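Each chain, written out:
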Amino acid sequence: MKDFIHDLIKWFLIINTGIMIVAGLNIIRYDSITTMIIPQILAASFVTALVTTCYFSYNPKKPISVPIRILLSCAHYLILCIIIMTLGVLFNWFGLTVNGVRGVALSVAGVYIITALISYALSKGEANEMTNALKNYSDD
């Protein structure tokens, strides 16, 4: 449970960063924006972080093949799109039109890419730290 909460916080911060970047780029088009957008973005970040934490917590005993991993990633992306579209309609971010749905799909893809890049950078940093620690350990 402790690991799950740690991962939830990690994903919340990473996803929130991605959402803030994409939202910031989208907000430029508007003359004014309500302050209610901040708790709405935090709510969207939390719900998507919860789903993402569950997604990455699934650890089968056998390795997953590449096609299955791609299929799971696509399902994860679609679930995130559905969540953001639902929240977007509830929070009145956009109308349920073809352009609105397209905009959400592109925004979710942008957040997905930003999140993947941040996650990769963090994982690479952790891996480098562990490699250095092992080198120092073997040298002693």
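Residues numbered from 1 in each chain as written. Predicted model: local features only at pLDDT ≥ 70, side-chain atom pairs only at ≥ 80, totals over all residues. Heavy atoms only, no water.

**A closer look at the overall build of the protein chain**
Here is step 1: Across its full length, the protein chain holds four helices and zero strands.
Here is step 2: The principal-axis extents of the C-alpha atoms in the protein chain amount to approximately 60 × 30 × 25 Å.
Here is step 3: The proportion of buried residues among the 140 residues of the protein chain is 25%.
Here is step 4: Accessible surface for the protein chain amounts to roughly 9900 Å². Of this, 70% is attributable to carbon and sulfur atoms. (Helix = DSSP H or I, 4+ residues; strand = E, 2+ residues; numbered from the N terminus. Buried < 20%, exposed > 50% of the residue type's maximum accessible area, 1.4 Å probe, protein only. Areas by Shrake-Rupley, 256 points an atom, 1.4 Å probe, with all protein chains shown as cover.)

**Structural notes on helix 3 (residues 66-90)**
Here is step 1: Given a rise of 1.5 Å per residue, 25 residues ought to cover 36 Å, and the 36 Å separating the end C-alpha atoms of helix 3 matches this to within 8%.
Here is step 2: Regarding helix 3, the residues found buried are His-76, Leu-80, Cys-81, Ile-83, Ile-84, Met-85, Leu-87 and Gly-88.
Here is step 3: Each element contacted by the buried residues of helix 3 is listed here: helix 2 (37-57) and helix 4 (98-139).
Here is step 4: Backbone geometry just downstream of helix 3 places Asn-92 in the positive-phi region, at approximately 60°. (Expected span 1.5 Å × (residues − 1). Contact = heavy atoms within 4.5 Å.)

**Focus on the packing of aromatic side chains**
Here is step 1: A full pass over the atoms with the stated rule returns four aromatic pairs.
Here is step 2: Between the aromatic rings of Tyr-55 and Phe-56, the centroid separation amounts to 4.8 Å while the plane-to-plane angle is 75°, which identifies the pairing as edge-to-face.
Here is step 3: For Tyr-55, a relative accessible area of 15% gives the class buried.
Here is step 4: Taken together, the ring pairs connect Trp-11, Tyr-55 and Phe-56 into an aromatic cluster. (Phe/Tyr/Trp six-rings, centres within 6.5 Å; stacked < 30°, edge-to-face > 60°.)

**Notes on the side chain of Thr-53**
Here is step 1: Note on placement: Thr-53 falls in helix 2.
Here is step 2: Not counting chain neighbours up to four residues away, the residues in contact with Thr-53 comprise Phe-4, Asp-7, Leu-8 and Trp-11.

**As for the confidence of the model for the protein chain**
Close inspection of predicted coordinates is inappropriate for parts of the model with low pLDDT.
Here is step 1: When pLDDT is averaged across the protein chain, the result is 89; 99% of the residues are at 70 or more.
Here is step 2: Within the protein chain, helix 2 carries the highest mean pLDDT (94), whereas helix 4 carries the lowest (88). (pLDDT = per-residue confidence, 0-100.)

**A look at the packing of helix 3 against helix 4**
Working note: a packed helix pair is described by the angle between its axes plus the distance between those axes.
Here is step 1: At their nearest, the axes of helix 3 and helix 4 sit 10 Å apart, and the two run at 125° to each other. Taken together, the axis directions place helix 3 and helix 4 in an arrangement best described as oblique. Regarding helix 3 and helix 4, the two cross each other, and that crossing is right-handed. Along the contact surface, helix 3 presents Ser-73, His-76, Tyr-77, Leu-80, Cys-81, Ile-84 and Met-85, while helix 4 presents Val-101, Val-104, Ala-105, Val-108, Ala-109 and Tyr-112. (Axes fitted to C-alpha atoms, helices over the stretch in contact; angles between N-to-C directions. Parallel < 35°, antiparallel > 145°, perpendicular 65-115°, else oblique. Left-handed = near helix turned anticlockwise from the far one by under 90°.)

**Some words on the nonpolar core**
Here is step 1: Within the largest apolar cluster, 22 residues are counted, with the highest numbers of intra-cluster contacts made by Ile-15, Ile-19, Val-104 and Val-108.
Here is step 2: Per-element accounting of this core gives the leading share, seven residues, to helix 1 (residues 2-27). (Core = buried A, V, L, I, M, F, W, Y, C linked by side-chain atoms within 4.5 Å.)

**Some points on the packing of helix 1 against helix 4**
Here is step 1: Following both chains from N to C, one finds helix 1 and helix 4 inclined at 135°, their axes separated by 9 Å at the closest point. Between helix 1 and helix 4, the angle falls in the class oblique. Relative to helix 4, the crossing made by helix 1 is right-handed. Contacts between helix 1 and helix 4 involve Trp-11, Ile-14, Ile-15, Thr-17, Gly-18, Ile-19, Ile-21, Val-22 and Asn-26 from the first element and Ser-107, Gly-110, Val-111, Ile-114, Thr-115, Ile-118, Ser-119 and Leu-122 from the second.

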